[in-house]
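Inside the fold
The residues making up each chain are set out below.
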Number of protein chains: 2
Amino acid sequence: MSTTAIPGYRYGDPALPPAPIGADGLRDLRAACLLSDDDLAALSEAAPIIEPQIEEILDTWYGFVGSHPFLLASFSTAEGPHQGYLAAVRARFGQWIRDTLRAGYDDRWLAYQREIGRRHASGKGEADGITGTPEVVPYRYLAALIVPITVTMRPFLAKGARDAEHLERMHQAWFKAVVLSVALWSEPYVREGWW
Amino acid sequence: MSTTAIPGYRYGDPALPPAPIGADGLRDLRAACLLSDDDLAALSEAAPIIEPQIEEILDTWYGFVGSHPFLLASFSTAEGPHQGYLAAVRARFGQWIRDTLRAGYDDRWLAYQREIGRRHASGKGEADGITGTPEVVPYRYLAALIVPITVTMRPFLAKGARDAEHLERMHQAWFKAVVLSVALWSEPYVREGWW
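Residues numbered from 1 in each chain as written. Chains lettered and ligands numbered in written order. Predicted model: local features only at pLDDT ≥ 70, side-chain atom pairs only at ≥ 80, totals over all residues. Heavy atoms only, no water.

1. Some thoughts on the interface of chain A and chain B
Formally: Contacts are residue-level and defined by heavy atoms, with any inter-residue pair within 4.5 Å sufficient. What counts as buried area is the accessible surface, traced by a 1.4 Å probe, that two parts surrender upon association, with contributions from both included. Just to be clear on terms, a salt bridge is a Lys or Arg side-chain nitrogen sitting within 4 Å of an Asp or Glu carboxyl oxygen. Contacts described as polar in this section are N or O atom pairs within 3.5 Å, which, within protein, must combine one atom able to donate a hydrogen with one able to accept it, while residues neighboring in sequence count only if both atoms come from side chains. The numbering of helices and of strands both runs from the N terminus, where a helix is a DSSP run of H or I of at least 4 residues and a strand a run of E of at least 2.
Contacts between the two partners involve 39 residues from chain A, matched on the other side by 39 residues from chain B. Together chain A and chain B conceal approximately 3400 Å² of surface at their shared face, both sides included; 71% is due to carbon and sulfur atoms. Summed over the shared surface of chain A and chain B, the number is zero salt bridges. Where chain A packs against chain B, one counts 13 residue pairs in polar contact (both at pLDDT 80 or more). Those elements that provide at least two residues to the side of chain A that touches chain B are α1 (23–32), α7 (139–144), α8 (146–151) and α10 (164–185) of chain A.

Below, the structure is given as structure tokens:
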């Protein structure tokens with residue numbers, strides 16, 4: 001599958017500034033959120049189960065955002081929800097699921113997580129040439145969305161899990177990976193030196 | 001149980017500045033992290049199960065922090081871990097468990113969550129008259145700790161759960177309440193207008 005076709009997707013772009021932490025910092029952050037190598041293996045097992053269901057998962061998440069005006073506001077101009085913007089973000093959101101499951105958490109991945117955080121914190125819409133939407137996704141919602149992004153994944157994992165234990169292992173790994181992502185995305189939001 | 005005996009505990013103190021969100025903002029934030037009234041009921045059911053086990057839970061959490069130098073650093077001076085500081089925080093941490101399970105999420109609770117966040121972000125140690133420890137708990141660890149604070153609670157809940165469904169219901173509610181807490185604690189860390 002070609003991913004270069006996704007506008008604004010910059011995983012691996014050498015022009016991105018480096019992340020504020022490198023391999024050692026990532027090791028500590030992974031330890032803090034209990035994301036072990038076994039969890040990375042579980043994510044890899046989840047990848048072929050989830051990938052064919054990504055559009056359905058995105059439907060679920062977009063349904064959730066669309067039903068809460070205070071979340072939809074981030075995608076809206078004075079004229080209402082911006083469909084082109086919603087679609088552009090959707091393609092990258094799907095790719096984020098793929099990348100998270102592939103679990104190649106290297107320096108290039110770290111740099112792109114920082115870029116994802118930056119786009120939520122400021123210059124939002126820039127990557128898609130969108131104007132008129134709010135400048136910032138309020139951080140408190142980014143943190144809160146850990147819950148729906150975690151719990152809604154379970155039935156999709158269940159469709160391919162071998163048994164209850166396998167499901168639990170994949171779901172726990174997903175939970176940890178989502179928390180890791182949000183911890184990394186928070187960096188551009190946080191005051192200098194406090195991250 | 002008297003809680004006024006806990007030094008630095010200020011839930012209900014009218015001198016605290018108000019939180020940046022009120023009842024409407026909390027309603028939205030609870031919706032974003034799926035924390036329903038049923039979840040609050042599940043937390044209330046969890047309270048009598050957990051309260052007699054709080055010291056054991058804190059032993060688990062302190063063991064986790066103590067085994068990771070990058071976490072223990074927040075409690076350490078140049079001379080090493082500050083036992084008095086660790087003990088002072090521990091009493092409030094136990095009370096935070098009680099308050100979270102009692103789920104009386106009103107304006108006074110919001111104001112105290114903001115104060116908890118503020119103490120992590122700056123002026124750390126102030127409430128206990130401690131000097132020489134780092135000024136800030138790095139925010140990325142606060143976010144990451146959502147995972148251990150969530151998953152370590154499960155076996156303690158299991159001791160009093162009626163059945164697997166009851167355990168799941170209480171554990172999910174706890175997960176959501178932890179995410180809500182961290183979302184609120186993030187406010188003093190985040191740049192002006194981006195929270």
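2. With respect to the packing of helix α3 (residues 54–66) of chain B against helix α5 (residues 83–102) of chain B
Between two packed helices, what matters for the description is the angle formed by their axes and the separation of those axes. Residues and elements named next belong to chain B. Quick note on the threshold: A fitted line through C-alpha atoms serves as each axis, taken over the contacting stretch for helices, and the angle formed by two N-to-C directions is quoted from 0 to 180°. In what follows, roughly perpendicular refers to angles from 65 to 115 degrees, roughly parallel to angles under 35, roughly antiparallel to angles over 145, and oblique to any angle outside these ranges. With the far helix as reference, a near helix turned anticlockwise by less than a right angle produces a left-handed crossing, and one turned clockwise produces a right-handed crossing. In the scheme used here, Gly and all other residues not listed as nonpolar or charged are polar, with Ala, Val, Leu, Ile, Met, Phe, Trp, Tyr, Cys and Pro taken as nonpolar and Asp, Glu, Lys and Arg as charged.
With their axes 10 Å apart at the nearest point, α3 and α5 run at an angle of 125 degrees to one another. The orientation of α3 relative to α5 falls into the category oblique. Crossing angle aside, the handedness with which α3 passes α5 is right-handed. Only L86, V89, R90, F93, G94, W96, I97 and R98 of α5 make contact with α3, whose side of the interface consists of I54, E55, I57, L58, D59, W61 and Y62. By residue class, the composition of the contact of α3 with α5 is ten nonpolar, one polar and four charged.

3. Quick notes on the side chain of T150 of chain B
The topology assignment puts T150 of chain B in helix α8 (residues 146–151). Here the side chain of T150 of chain B touches I146 of chain B through a polar contact of 2.7 Å, landing on its backbone oxygen.

4. A word on the packing of aromatic side chains
Rules: Two rings belonging to Phe, Tyr or Trp (six-membered ring only in the last case) form a pair when the distance between their centres is within 6.5 Å. Interplanar angles under 30 degrees mark stacking, angles over 60 mark edge-to-face geometry, and anything in between is tilted. Accessibility here uses a 1.4 Å probe with only protein chains present; expressed as a share of the type maximum, an area under 20% marks a residue as buried, one over 50% as exposed, and anything in between as partly exposed. Geometrically, a charge over a ring is one whose NZ (Lys) or CZ (Arg) sits within 6 Å of the ring centre while staying within 35 degrees of the ring normal.
A full pass over the atoms with the stated rule returns 30 aromatic pairs over all chains. Ring geometry for Y11 of chain B versus Y112 of chain B: centroids 6.3 Å apart, planes at 5 degrees, classification stacked. Note that Y11 of chain B is positioned in the segment before α1 (23–32) and Y112 of chain B in helix α6 (residues 107–121), a separation of 101 residues in sequence. For Y112 of chain B, a relative accessible area of 4% gives the class buried. Each member of the aromatic cluster is reached from another via a ring pair, and the members are Y139, Y189 and W194 of chain A together with Y139, Y189 and W194 of chain B. Directly above the ring of Y62 of chain A sits R90 of chain A, whose terminal nitrogen or CZ lies 5.4 Å from the centroid.

5. With respect to the side chain of E187 of chain A
Residue and element names in this part refer to chain A. Inspection of the secondary structure assignment puts E187 in the segment after α10. The class of E187 is buried, set by a relative accessible area of 15%. Setting aside anything within four residues of it in sequence, one finds E187 in contact with P20, R114 and W195.

6. Observations regarding the nonpolar core
Across soluble globular proteins, you tend to see nonpolar side chains buried next to one another. To keep things clear, this is the line we draw: Among buried residues, the Ala, Val, Leu, Ile, Met, Phe, Trp, Tyr and Cys ones that are joined through side-chain atoms within 4.5 Å form a nonpolar core.
Core analysis: the biggest nonpolar cluster contains 146 residues, and I97, Y105 and W174 of chain A together with I97, Y105 and W174 of chain B have the highest contact counts within it. What Y105 of chain A contacts, discounting residues up to four positions off in sequence, is L26, L35, L40, L43, D99, T100, A177 and L180 of chain A.

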